[in-house]
Amino acid sequence: MRHAVTLVGIGDDGCAGLSSRATNAVACAQVLVGGERHLAFFPQFAGERIVVKSGLGAVLDRIASLANEQTVCVLASGDPLFFGLGALVMARVGAEHVDVIPHPSSVQLAFARVGIKWDDATCISVHGKSAQGLVTRLKRAHKVAVLTDPDNSPAQLATRMLEYGEPDWDAWVCENLAGPDERVRKFALRDLALATDVAPLNVLVLVRNNVAWRVPPAIPFLHEDAFSKRMPKKGLITKREVRLLSLAALNIREDTILWDIGAGSGSVAIEAAMLAPLGRVFAVEIDPEGVEICRENVRTHGVDNVQVVAGRAPEALADLETPDAVFVGGSKGSMEEIITVALQRLKPGGRLVVNAITLDNVAECYQALRARAIVPEVMLLNLARGEPLAHYLRYEALNPIHIFAATKPPMRGEA
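Please read these numbers as outputs of a predicted model, since none were measured by experiment. (Residues numbered from 1 in each chain as written. Predicted model: local features only at pLDDT ≥ 70, side-chain atom pairs only at ≥ 80, totals over all residues. Heavy atoms only, no water.)

**What about the overall build of the chain?**
Here is the rule: Helix and strand assignments follow DSSP, with helices taken as H or I runs no shorter than four residues and strands as E runs no shorter than two, numbered in order from the N terminus. For the exposure calls, accessible area comes from a 1.4 Å probe over protein chains only, and a residue counts as buried if that area is under 20% of its type's maximum, exposed if over 50%, partly exposed in between. Residue contacts follow a heavy-atom distance rule, with two residues in contact if any of their heavy atoms lie within 4.5 Å. To be clear on the numbers: accessible area is Shrake-Rupley with a 1.4 Å probe, and residue cover counts the displayed protein chains and nothing else. Residues scored as charged are limited to Lys and Arg (positive) and Asp and Glu (negative), so that His and the chain ends carry no count. We put the charge of a Lys on NZ, of an Arg on CZ, of an Asp on CG and of a Glu on CD.
If you tally the helices and strands in the chain, you get 13 helices and 19 strands. In terms of overall dimensions, the chain has C-alpha extents of about 80 × 55 × 35 Å along its principal axes. Going through the 415 residues of the chain one by one, you find that 49% of them count as buried. Counting contacts in the chain only where the partners sit at least 6 residues apart, residues at least 24 apart contribute 67% of the total. For the chain, the accessible area works out to roughly 20,100 Å², and carbon and sulfur atoms hold 53% of it. Counting 43 positive and 47 negative side-chain charges, the chain places the centres of these two groups 2 Å from one another.

**Observations regarding the packing of helix 3 (residues 56-66) against helix 4 (residues 86-93)**
As a reminder, the rule being used: The axes used here are C-alpha line fits, helices contributing only the stretch in contact, and every angle between their N-to-C directions lies in the interval 0 to 180 degrees. Reported orientations rely on four angle classes, namely roughly parallel under 35 degrees, roughly antiparallel over 145, roughly perpendicular from 65 to 115, and oblique for the rest. By the definition used in this description, the sense in which the near helix is turned from the far one sets the handedness, with an anticlockwise turn below a right angle giving left-handed and a clockwise turn giving right-handed. Note that Gly is not counted as nonpolar here; it falls among the polar residues with everything else outside the nonpolar set of Ala, Val, Leu, Ile, Met, Phe, Trp, Tyr, Cys and Pro and the charged set of Asp, Glu, Lys and Arg.
Between helix 3 and helix 4, the shortest axis-to-axis distance is 10 Å and the interhelical angle comes to 50 degrees. On the basis of the axis angle, helix 3 is oblique to helix 4. By crossing handedness, the relation of helix 3 to helix 4 is classed as right-handed. Residues Leu56, Leu60, Asp61, Ile63 and Ala64 of helix 3 touch helix 4, and the partners they reach there are Leu88, Val89, Arg92 and Val93. When the residues that make up the contact of helix 3 with helix 4 are grouped by side-chain class, the tally is seven nonpolar, no polar and two charged.

**Regarding the sheet that holds strand 5 (residues 98-101)**
Let me state the cut-off plainly: Here, a strand pair is defined by DSSP locating no fewer than two bridges between the strands.
On the basis of which strands lie adjacent, the open sheet formed by five strands has the order 3-2-4-1-5 and parallel pairing. The outermost strands of the open sheet, each flanked by one partner alone, are strand 3 (48-51) and strand 5. Within this sheet the neighbouring strands show an average axis-to-axis angle of 20 degrees, counted without direction. Judged from the four bridges that link them, strand 1 (residues 5-10) and strand 5 form a sheet pairing that is parallel. Paired with Leu7 across the two strands is Val100, which belongs to strand 5. On top of the sheet, helix 1 (residues 20-28) reaches strand 1, strand 2 (31-34), strand 4 (72-77) and strand 5; it is set at about 135 degrees to strand 5, its chief contact.

**Concerning the nonpolar core**
Where we set the bar: The definition of a nonpolar core used throughout is a set of buried Ala, Val, Leu, Ile, Met, Phe, Trp, Tyr and Cys residues joined through side-chain atoms within 4.5 Å.
Counting 52 residues, the largest nonpolar core has Leu138, Val144, Leu192, Leu204, Leu206, Leu250 and Val306 as the members making the most contacts within it. At five residues, helix 10 (residues 267-275) tops the list of elements feeding residues into this core. Every residue in contact with Leu206, bar those within four places of it in the chain, is listed here: Leu138, His142, Lys143, Val144, Val146, Met161, Trp169, Asp170, Ala171 and Leu189. Membership of the second largest hydrophobic core comes to 29 residues, among which are Leu320, Val341, Leu343 and Val362.

**Quick notes on the packing of aromatic side chains**
We apply this condition: Two aromatic rings from Phe, Tyr or Trp, using only the six-membered ring of Trp, form a pair when their centres are within 6.5 Å; if the ring planes differ by under 30 degrees the pair is stacked, by over 60 it is edge-to-face, and anything between is tilted.
By the definition in use, this model includes two aromatic pairs. Considering the side-chain rings of Phe82 and Phe83, the 4.9 Å spacing of their centres and the 80 degrees angle between planes classify their relative orientation as edge-to-face. For Phe82, a relative accessible area of 24% translates into the label partly exposed.

**Topic: the side chain of Asn355**
The residue Asn355 is located in strand 15 (residues 351-356) in this model. Of the residues examined, Asn355 reaches a relative accessible area of 7% and is grouped as buried. In contact with Asn355, not counting residues within four places along its chain, are Thr238, Val242, Ser246, Phe327, Val328, Gly329, Ile401, His402 and Ile403.

**Side note on the sheet that holds strand 10 (residues 202-208)**
Reading across from one edge, 6-7-10-8-9 is the order of the five strands in this open sheet, with mixed pairing throughout. This sheet does not close on itself; its edge strands, each paired only once, are strand 6 (122-125) and strand 9 (183-188). Across the sheet, the mean angle from the axis of one strand to that of its neighbour is 20 degrees, orientation sign disregarded. The pairing of strand 8 (residues 169-175) with strand 10 spans seven bridges and is classified as antiparallel. When the sheet's bridge partners are listed, Trp169 is paired in strand 10 with Arg208. Running over the sheet, helix 5 (residues 106-114) touches strand 6, strand 7 (143-147), strand 8, strand 9 and strand 10 and is turned about 130 degrees from strand 7. Helix 7 (residues 154-163) contacts strand 7, strand 8 and strand 10 of the sheet and is inclined by roughly 30 degrees relative to strand 10.

**Here's the deal with unusual backbone geometry**
Residues Ala313 and Pro314 are joined by a peptide bond in cis, for which omega reads 10 degrees. Unusually for a residue other than glycine, Asn176 sits at a positive phi of about 50 degrees. Position of Asn176 relative to the elements: it lies in the loop between strand 8 and strand 9. With relative accessibility at 13%, the residue Asn176 sits in the buried group. Even without being glycine, Lys332 reaches a positive phi, approximately 50 degrees. Examined against the element boundaries, Lys332 turns out to sit in the loop between strand 14 (325-328) and helix 12 (335-345).

Here's what the structure looks like:
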């Protein structure tokens, strides 16, 4: 069967690393597509050349148009279907019209050079992306390959890991793999943070060096004493039992975008971020002292997918990313306005959870939801903890709290 497009994986060794099948695909092509570095390996090619730079959409359209009548070969680094161009080409042309001839990926080559098996490794790409959330994702991993770029260099990533309390890693920087100037070096993380001579083309391999490390629990369930907090306003931090039920009610997934309004010390935002390592959490707090304490707790607990937003809700919500879930832990007298904005901005099917302590907030929250024809789930939590008293154990009651939970209705016309 003849395919309209052939995707050929290629390494830094160029033609020398290609199989006879891959070499033949290039030789038979009428159109050759690739980065400048890839095309330079074939100076003898006499057909049309298309350089992949910015404006990828136009390149994909051109490939699809030419493939109707000509044989097109697309060059891509390593395995084209591993963080590569392949998926985009297939989506534009149709998978049934594309043949793939992979080359060993840069990650395969990196682990081979280091001499470590990689079937249990986590692969993360920050190439052309933000590094936000990298450290949160590392928390549940013990062996990682990171695809970097000049804006997210190994030195910058090492600095980020140290800033968020992840120092216990050995690091290998694998540069220009399979090329004539290939280099593989092992670093302690603190030394890597100071490195200035790393080539732009590299893979960062990270392996934990703490033998006592274990995968953290899926639900952190951290005691409130694990967080710095305003003193003597200890009651302003959400108790862990309340936090557990509130987080469950938010229906958090690994890629959830969440607003924590009235974040206080940031305990809900931090645990939500751990449950959503591919998502983002915006912790909104108006009190200047609370803002700084929240930032301190974010760094202490190593969750770099939390963004602390200093400001008063609902005004501070205007420029935030559209949320999948909204948690309201404090309203500063603006409960009705906050609920209005939250329900406007939430994605259809998104979750709104409100913790209300005072009768005023309870009434205002309930009335605001019922005015919008939403019947919330309501829980009144009365909790007592065991506390030592001399040689005995007694119960100490915590403040009762209402937990309101509601799902934003689908848009009209949706099922």
